[in-house]
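Listed here are the chains, written in short residue letters.
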Amino acid sequence: MVNNDNEAPLEIEQKPAINQSEIFSVLQNERRRMMLEILHKDGPKSLRDISETIARIESNSNEPVSNVRKSIYVSMLQTHVPKMENMGIIAYNRDSDRLELTPAAEGVTLYLETVKKGDIPWSHFYLGFSIVAVMGTISIAFNFVKWIYSIYWLVFTNVIFLGASIVHVNRMKHYKKK
């Protein structure tokens, strides 16, 4: 991994592939998910910086109380970092207090679909639209709807799927650049 602060990259030990149940055990904790998102977005950071960011998020304050920051730092240091380090997802240099994602983290971050409040995941969008497309096709095929011709329905659904796919691909490219 490239380090943005001109420090030498951390020594990363290759671990066996992470299975799905291990990935879910990592992602079941919100602080670990936040740590992964921060490292994925910002690159290598100190554990202190990550703890500070998580404290701001959890306390909804730009200046979280000192004991909150310390509590988060200690829980990250004693629980979350060792678990993720043992699984080979992150590399942690205790001397410099630096964390960075390992290549194995890519398999984990695929499961982190960031969905903004009021938005839906792409998988749900595609499922919902597929159901609408199938129901429309059945309605047209059995003449429940006589005012829409099947060719128009086919063109409409294909254009919508194509447009949604283009938007999805562009968003994923933008997300990966972060």
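In this text the structure is predicted, and so the values were computed from the model without any measurement.

Chemist: Could you give an account of the pattern of salt bridges, naming the residues involved and the relevant values?
Modeler: In this structure the tally under the stated criterion is five salt bridges. The partner of R69 in a salt bridge is E52, with the nearest N and O atoms 3.3 Å apart. Of this pair, R69 sits in helix α4 (residues 66-86) while E52 sits in helix α3 (residues 47-59), and the two are 17 residues apart along the sequence. Using a relative accessible area of 26% as the deciding quantity, one classes R69 as partly exposed. Several salt bridges converge on common partners, so that one network encompasses E52, R56 and R69.

Chemist: A description of the environment of E58 should follow, citing residues and the corresponding values.
Modeler: Mapped onto the elements, E58 comes out in helix α3. Remark: the alpha-carbon pair of E58 and R31, spanning 27 residues in sequence, is separated by 9.3 Å. With residues up to four places along the chain from it excluded, the contact list for E58 reads R31, M34 and I72. A polar atom in the side chain of E58 sits 2.8 Å from the side chain of R31.

Chemist: Outline helix α1 (residues 20-27), listing residues and values.
Modeler: When α1 is considered as a whole, its buried residues turn out to be I23, V26 and L27. Seen from one end, α1 has its buried residues packed into an arc of 90 degrees, which puts them on one side. In this structure, the buried side of α1 is in contact with α2 (30-42), α4 and α5 (105-109).

Chemist: Can you lay out the packing of aromatic side chains for me, pointing to particular residues and giving the numbers?
Modeler: Per the counting criterion, the structure on display carries seven aromatic pairs. Plain terms: the ring middles of F125 and Y126 are 5.5 Å apart, the flat faces sit at 70 degrees to each other, and that makes the pair edge-to-face. You can call F125 partly exposed: its relative accessible area is 28%. Note on F125 and F129: the rings are 6.3 Å apart at their centroids and 10 degrees apart in plane angle, and the pair reads as stacked. Here F129 and F125 lie together in helix α6 (residues 122-141), a separation of four residues that amounts to about one turn. What makes F129 buried here is its relative accessible area of 13%. Through successive ring pairs, a cluster of aromatic residues spans F125, Y126, F129 and F161. Here R48 stacks its cationic end above the ring of Y73, 4.5 Å away from the centre of that ring.

Chemist: Which residues make up α2, and what are the values?
Modeler: Spanning 13 residues, α2 covers 18 Å between terminal C-alpha atoms, matching the ideal 18 Å at 1.5 Å per step. Taken as a whole, α2 has its buried residues at R31, R32, M34, M35, L36, I38 and L39. Capping of α2 at its N-terminal end is provided by N29; its side-chain oxygen lies 2.9 Å from the backbone amide nitrogen of R31. Phi turns positive, to about 85 degrees, at G43, one or two residues after α2.

Calculation notes
- Residues numbered from 1 in each chain as written.
- Predicted model: local features only at pLDDT ≥ 70, side-chain atom pairs only at ≥ 80, totals over all residues.
- Heavy atoms only, no water.
- Salt bridge = Lys/Arg side-chain N within 4 Å of Asp/Glu carboxyl O.
- Helix = DSSP H or I, 4+ residues; strand = E, 2+ residues; numbered from the N terminus.
- Buried < 20%, exposed > 50% of the residue type's maximum accessible area, 1.4 Å probe, protein only.
- Contact = heavy atoms within 4.5 Å.
- Polar contact = N/O pair within 3.5 Å; in protein donor to acceptor, adjacent residues only side chain to side chain.
- Arc of directions from axis to C-beta.
- Phe/Tyr/Trp six-rings, centres within 6.5 Å; stacked < 30°, edge-to-face > 60°.
- Lys NZ or Arg CZ within 6 Å of the ring centre and 35° of its normal.
- Expected span 1.5 Å × (residues − 1).

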